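# Examination of the molecular architecture
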Amino acid sequence: MTALHPQTPSSSSAASPTTRTGTGQEPLNGFVVDLFGVMAYGELSAFERLSSDARFSPTLRDRAALGRLAVTEFEHFEMVSAHLAGLGVDVEEAMSPFQASIDSFHERTRPADWYESLMKAYVIDAISADFYTALAEHLDAPTRDLIARIQSTAEQGGLLQSRLKSALSDDPRLASRLALWGRRLVGEALTQAQRVGIERQFLGGLLFGAADVDQERETAQLFAQLTRNHSRRMSSLGLTA
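This structure is a prediction, so every number in the text was calculated from the model and none was measured.

The rules behind the values
Residues numbered from 1 in each chain as written. Predicted model: local features only at pLDDT ≥ 70, side-chain atom pairs only at ≥ 80, totals over all residues. Heavy atoms only, no water. Helix = DSSP H or I, 4+ residues; strand = E, 2+ residues; numbered from the N terminus. Contact = heavy atoms within 4.5 Å. Core = buried A, V, L, I, M, F, W, Y, C linked by side-chain atoms within 4.5 Å. Buried < 20%, exposed > 50% of the residue type's maximum accessible area, 1.4 Å probe, protein only. Salt bridge = Lys/Arg side-chain N within 4 Å of Asp/Glu carboxyl O.

## A word on the environment of Tyr-115
Checked against the element boundaries, Tyr-115 lands in helix α5 (residues 114–136). Note: C-alpha distance between Tyr-115 and Arg-163 (48 residues apart in sequence) is 9.3 Å. The contacts of Tyr-115, once residues within four sequence positions are left out, are Arg-163, Leu-164, Ala-167, Leu-174 and Leu-178.

## Some thoughts on the side chain of Ser-117
Position of Ser-117 among the secondary structure elements: in helix α5. With sequence-adjacent residues up to four places away left out, Ser-117 is seen in contact with Asp-53 and Pro-111.

## What about the nonpolar core?
Counting 63 residues, the largest nonpolar core has Met-119 and Leu-239 as its most contacted members. Looking at this core, the elements that each hand over two or more residues are α2 (30–53), α3 (60–86), α4 (91–108), α5, α6 (141–150), α7 (154–168), α8 (172–200) and α10 (215–236). It is α5 that contributes the most residues to this core, 13 residues altogether. Residues in contact with Leu-239, not counting those within four places in the same chain, are Met-119, Leu-168, Ala-175, Leu-178, Ala-179 and Met-234.

## Some points on the pattern of salt bridges
By the definition in use, this model includes seven salt bridges. With its nearest N and O atoms 3.7 Å apart, the salt bridge here joins Arg-49 to Asp-125. Here Asp-125 lies in helix α5 and Arg-49 lies in helix α2, a separation of 76 residues in the sequence. You'll find Arg-49 and Asp-125 in the same group, each marked buried. A salt bridge links Arg-177 to Asp-113; its shortest N-O distance comes to 2.8 Å. On the criterion of sequence distance, the pair formed by Arg-177 in helix α8 and Asp-113 in the loop between α4 and α5 is long-range, its members being 64 residues apart. Relative accessible area serves as the criterion here: at 25%, Asp-113 is assigned to the partly exposed category.

On their own, these measurements won't tell you what the molecule is for.
Put into structure tokens, the structure is as follows:
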């Protein structure tokens, strides 16, 4: 995969977060609202994607499995929606800045078949979980707990990994194709994370709140860790990242 060179938000962007007023709350950090907005639309999009892809499943068991994953994604969307509502923020308003960008990402990474759909779910869900978990380290305990509940991918990842391993075990041509597809997905996903985080400034706002933080180093370390985690997951499938 071509090395990515994360851009760094300016120090003025990180030091001057926008705020929104929650009902009966202190002014809300706009970076946090944006974080939950992109998470909410990501979960809603994942629900739609898995629901649609399930119809291409080769067996009814596979269709039911993807259906269960889709239901879980929608439950996560509802959790984020409820959290935003508790802060006095409308979920549609929070999601709308990210709709066009996320929709474009999914158009660029439209799977060609059911196996590519499985790989996309496996790669994107795991990278998203890693990304949001890293950001959560800089947030308050209730927000960290919510992100941990939403981004817990053990069950989903285990199911997807098991089905992919089964498909790849006796099909070298499929393994080669999905290895290439996985490399494309991780490149698109990391570029998307940089783009959205920088456009809305929440990446810098959450990671670089302290004036003495080396922004370039911290950003590079974050994306390097995301890439290493992805490589380990590909290795667990017997694929080269």
